[in-house]
Amino acid sequence: MADPSPTVISAPELISSGNGLVEAPVWHPDLGLIAAETASGGVWTFSKGKPKTVVLPHRRGIGGMVRHAEGGLVVSGRNIAYKNVSTAGEDASPTIVLLENDPSAGIIGFNDLTTDRMGRIYVGSVGFVAVHTPKDGEAAGTQPGTSHDTLRQSAEDKPGSLHLIDVDGSARVVATGIALTNGLGFSPSGRILYHSDSVRQCIYMYDVLPNGDLSGKRVFARVETGMPDGLAVDEAGFVWVALAHGNAVAVFDPQGREALRIPIPVPMVTSLCFGGNDRRDLYVCTGFEGSPDLGGCLFHARVDVPGLALAPAKVRLAK
């Protein structure tokens, strides 16, 4: 008998607008919902009826973010780095780099990331610039003049890899041939890793070996409208996927069949996470592209099944 599909108890409600390219949402037990302004820079708190507050200034290009057991955040971008957070909006602490880029090897930066139960970090690298960093007064979005066909060609010509940063700080490649790496998430058992490859409009799945290596790459689900971006997994094993250029969140059952589609009133749906004390608050973030009136947004909905709890990263911080 098939698992019952999850239900959205309350329709998505707008809680913040007028932003740029909002990415990498994380529920923080002390700060509430935090997310990155990828193009303009910084990590901010977001809540309904309150102005957003910076907790990590300046950093641009963040496409993935997780909490660390030491209290700060691990963020992607030009490298993978540990950063302390401050509600005063200051950034006085030194950055601790966990994984550096390597342009000579086709790694110019990193996008989405996640953790497993042990606190190891899985992160995808990218070999080309897909997001335009705006000048003052200019909108954030994809590279000006870059069509989706050109984006696809760039991704195929310069594919990325999937990297594992182990708790001892060592790093290794565990998968290759990802055109445009995006959302990552584990099944409830921890034995399957899901991974969005946006330009191939495909979500892959891998078997996870005890040492963290991956095997058996195969297609979990294909997306016909839009591109799969950030994702999260719930306690029942359903995979919730943001559809960039697709105006929606798609929910797939553990067999890869679409079980639910949640319309979002702007096209560039970039990522999502579960939050709240019971992890039944669904937060969805979007980008500016295609939404000149609202800009980048944050939406909130209540759902009937909790999201999986994500372990904080426990990668050693070499200082």
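Since the model is a prediction, treat every value here as computed from it, not as a measurement.

Caption draft 1: Molecular detail of the overall build of the chain. A tally of helices and strands in the chain yields 1 helix and 26 strands. Across the 319 residues of the chain, 55% fall into the buried class. The long-range share in the chain, meaning contacts at least 24 apart out of those at least 6 apart in sequence, stands at 50%. In the form shown here, the chain has an accessible surface area of approximately 13200 Å², with 50% of it arising from carbon and sulfur atoms.

Caption draft 2: Geometry of the layout of surface pockets. Each pocket or cavity is described by its volume, and for the largest pocket that value is around 930 Å³. Taken together, 43 residues form the lining of the largest pocket, with Thr-114, Leu-308, Ala-309, Leu-310 and Ala-311 sitting closest to its centre. If you list the elements that add at least two residues to the lining of the largest pocket, you get strand 2 (22-28), strand 6 (65-67), strand 10 (109-115), strand 16 (181-186), strand 20 (227-233) and strand 24 (269-275).

Caption draft 3: Geometry of the sheet that holds strand 20. The strand order across the open sheet formed by 4 strands is 20-21-22-23, and the pairing between neighbours is antiparallel. Strand pairing shows two members of the sheet lacking a second neighbour, strand 20 and strand 23 (258-263), which therefore form its edges. Each strand of the sheet is rotated relative to its neighbour by a mean of 25°, with strand direction disregarded. Of the strand pairs in this sheet, strand 20 and strand 21 (residues 239-244) are connected by 5 bridges, and their pairing is antiparallel. By the bridge assignment for strand 21, Leu-231 is matched with Val-241.

Caption draft 4: Quick peek at the sheet that holds strand 19 (residues 214-222). Read from one edge of the open sheet, 4 strands run 16-17-18-19, paired in antiparallel fashion. Either end of the sheet is taken by a strand with one partner, and the two such strands are strand 16 and strand 19. For this sheet, the mean angle separating the axes of adjacent strands, direction not counted, is 25°.

Caption draft 5: Region of interest: the pairing of strand 18 (residues 202-208). Strand 18 sits mainly inside the fold: 6 of its 7 residues count as buried. Counting the residues in the hairpin turn of strand 17 (residues 192-197) and strand 18 gives 4 residues, including Gln-201, whose phi is positive at 50°. Of the pairings in the sheet, the one linking strand 18 to strand 19 comprises 6 bridges and is antiparallel in character. Bridged to Met-205 within strand 19 is Arg-218. Hairpin remark: strand 18 followed by strand 19, antiparallel, with 5 residues in the connecting loop; positive phi at Gly-212, about 95°.

Caption draft 6: Spotlight on the environment of Asp-253. Tracing the sequence through the fold places Asp-253 in the loop between strand 22 (248-252) and strand 23. Asp-253 gets classed as buried once you look at its relative accessible area, which sits at 9%. Other than its neighbours up to four places away in sequence, Asp-253 contacts Phe-220, Phe-238 and Ala-259. A distance of 2.9 Å separates a polar side-chain atom of Asp-253 from the backbone nitrogen of Gln-255.

Caption draft 7: Examining the packing of aromatic side chains more closely. Under the criterion given, the structure shown has 5 aromatic pairs. Look at Tyr-194 and Phe-220: their rings are 4.7 Å apart centre to centre, the planes differ by 55°, and that puts the pair in the tilted class. Here Tyr-194 is found in strand 17, whereas its partner Phe-220 is found in strand 19, with 26 residues between them in sequence. Tyr-194 gets classed as buried once you look at its relative accessible area, which sits at 3%.

Caption draft 8: The arrangement of the nonpolar core in detail. Of all hydrophobic cores here, the largest spans 18 residues; its most connected members are Trp-240, Val-249, Ile-262, Ile-264, Leu-272, Leu-282 and Val-284. Those elements giving two or more residues to this core turn out to be strand 21, strand 22, strand 24, strand 25 (281-286) and strand 26 (296-302). Ranked by residue count, the leading element in this core is strand 24, at 3 residues.

Caption draft 9: The confidence of the model for the chain, seen in detail. Here the chain shows a mean pLDDT of 89. Residues at 70 or above account for 88%. Per-residue pLDDT stays below 50 along residues 132-147; that stretch engages in 28 contacts with residues further than four places along the chain or on separate chains.

Caption draft 10: Up close: the pattern of salt bridges. Taken as a whole, this structure holds 13 salt bridges when the rule is applied. Arg-172 is paired through a salt bridge with Asp-166; the nearest N and O atoms lie 3.5 Å apart. Accessibility expressed as a relative area gives 14% for Asp-166, which makes it buried. A salt bridge links Asp-207 to Arg-218, with the shortest nitrogen-to-oxygen separation between them at 3.1 Å. Of this pair, Asp-207 sits in strand 18 while Arg-218 sits in strand 19; the two residues are 11 residues apart in sequence, bridging distant segments of the chain. Taken together, the salt bridges that share partners define one network made up of Asp-278, Arg-280, Asp-281 and Arg-302.

Caption draft 11: Layout of the environment of Pro-306. As for its placement among the helices and strands, Pro-306 is situated in the segment after strand 26. With 28 residues separating them along the chain, Pro-306 and Asp-278 place their C-alpha atoms 6.5 Å apart.

The rules behind each value
Residues numbered from 1 in each chain as written. Predicted model: local features only at pLDDT ≥ 70, side-chain atom pairs only at ≥ 80, totals over all residues. Heavy atoms only, no water. Helix = DSSP H or I, 4+ residues; strand = E, 2+ residues; numbered from the N terminus. Buried < 20%, exposed > 50% of the residue type's maximum accessible area, 1.4 Å probe, protein only. Contact = heavy atoms within 4.5 Å. Areas by Shrake-Rupley, 256 points an atom, 1.4 Å probe, with all protein chains shown as cover. 1 Å grid on protein atoms, 1.4 Å probe; cavity = no way out; pocket = protein on both sides within 12 Å on 5 of 7 lines; lining within 4 Å. Points joined across faces, edges and corners; volume = space filled by probe spheres on them. Pairing = 2+ DSSP bridges. Axes fitted to C-alpha atoms, helices over the stretch in contact; angles between N-to-C directions. Polar contact = N/O pair within 3.5 Å; in protein donor to acceptor, adjacent residues only side chain to side chain. Phe/Tyr/Trp six-rings, centres within 6.5 Å; stacked < 30°, edge-to-face > 60°. Core = buried A, V, L, I, M, F, W, Y, C linked by side-chain atoms within 4.5 Å. pLDDT = per-residue confidence, 0-100. Salt bridge = Lys/Arg side-chain N within 4 Å of Asp/Glu carboxyl O.

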